[in-house]
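Structure at a glance
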Amino acid sequence: MHDIANHDLTLTSIPRPDADWETIGAFALMFDGYHAWGSFEKCAEIANAQRDGTLTELRTCLFFEQRRWRHFGDLPDEAAMAYICSMIEKIRVKIAAGEFE
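Here we summarise the structure given alongside this text. (Residues numbered from 1 in each chain as written. Predicted model: local features only at pLDDT ≥ 70, side-chain atom pairs only at ≥ 80, totals over all residues. Heavy atoms only, no water.)

Helices and strands together make up the secondary structure of the chain, namely 5 helices and 0 strands. Reading the chain from its N terminus to its C terminus gives the helix and strand order α-α-α-α-α. Since a compact globule built from 101 residues should have a radius of gyration of about 13 Å, the 12 Å found for the chain is in line with a globular shape. When the backbone C-alpha atoms are referred to their principal axes, the chain occupies close to 35 × 30 × 25 Å. For the chain, the proportion of its 101 residues judged to be buried stands at 44%. Long-range pairs, those at least 24 residues apart, make up 68% of the contacts in the chain with a sequence separation of at least 6. Charge separation in the chain, taken as the distance between the mean sites of 10 positive and 17 negative side-chain charges, equals 2 Å. (Helix = DSSP H or I, 4+ residues; strand = E, 2+ residues; numbered from the N terminus. Rg over C-alpha atoms; globule rule 2.2 N^0.38 Å. Buried < 20%, exposed > 50% of the residue type's maximum accessible area, 1.4 Å probe, protein only. Contact = heavy atoms within 4.5 Å. Lys, Arg positive; Asp, Glu negative; His and termini not counted. Charge placed at Lys NZ, Arg CZ, Asp CG, Glu CD.)

So, on to the packing of helix H4 (residues 55-72) against helix H5 (residues 78-96). At a minimum axis distance of 10 Å, the contact between H4 and H5 shows a crossing angle of 150°. When the axes of H4 and H5 are compared, the pair comes out roughly antiparallel. Crossing angle aside, the handedness with which H4 passes H5 is left-handed. For the pair H4 and H5, the contacting residues are Leu55, Leu58, Arg59, Cys61, Leu62, Glu65 and Trp69 in the first and Ala80, Tyr83, Ile84, Met87, Ile88, Lys90, Ile91, Lys94 and Ile95 in the second. Here the residues of the contact of H4 with H5 sort into 12 nonpolar, no polar and 4 charged. (Axes fitted to C-alpha atoms, helices over the stretch in contact; angles between N-to-C directions. Parallel < 35°, antiparallel > 145°, perpendicular 65-115°, else oblique. Left-handed = near helix turned anticlockwise from the far one by under 90°. Nonpolar A, V, L, I, M, F, W, Y, C, P; charged D, E, K, R; others polar.)

It is worth spelling out the side chain of threonine 54 at this point. Summarising the element assignment, threonine 54 is placed in the loop between helix H3 (40-48) and H4. In this structure the side chain of threonine 54 is engaged in a polar contact, spanning 3.0 Å, whose partner is the backbone nitrogen of glutamate 57. If sequence neighbours within four positions are ignored, threonine 54 has contacts with Lys94 and Glu101. (Polar contact = N/O pair within 3.5 Å; in protein donor to acceptor, adjacent residues only side chain to side chain.)

Here we come to the side chain of lysine 94. Checked against the element boundaries, lysine 94 lands in helix H5. When residues no more than four places from it in sequence are discounted, the contact partners of lysine 94 are Asp52, Gly53, Thr54, Leu55, Leu58 and Glu99.

Below, the discussion takes up the pattern of salt bridges. With the rule as written, the count across this model stands at 5 salt bridges. Glutamate 65 is paired through a salt bridge with arginine 68; the nearest N and O atoms lie 3.0 Å apart. Pair noted here: glutamate 65 and arginine 68 are both in helix H4, with a separation of 3 residues, about one helical turn. Using a relative accessible area of 7% as the deciding quantity, one classes glutamate 65 as buried. Arginine 68 gets classed as partly exposed once you look at its relative accessible area, which sits at 23%. (Salt bridge = Lys/Arg side-chain N within 4 Å of Asp/Glu carboxyl O.)

Function-wise, these values are silent; they only describe arrangement.
Quick look at the structure:
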């Protein structure tokens, strides 16, 4: 994984919400949710609660979805992709607004 800090994100570094799973998954791994929150458990808690108030929470949810579907050994289903794409769009909005928390 190659981490990119929140403050280093630009709109051009974030996939479009209609990007393919491979592109979105690669972007998701540019943030280590386990490290950011100090444990798998805390990362999972945030992701499973679908907390999306901050850029860090959004990136945590996206990271965890990548790990979840990797663990399943399958591509995200339609409902999961809708959720994943909504996170991408929310990340883009936060970056455009200069919200790097």
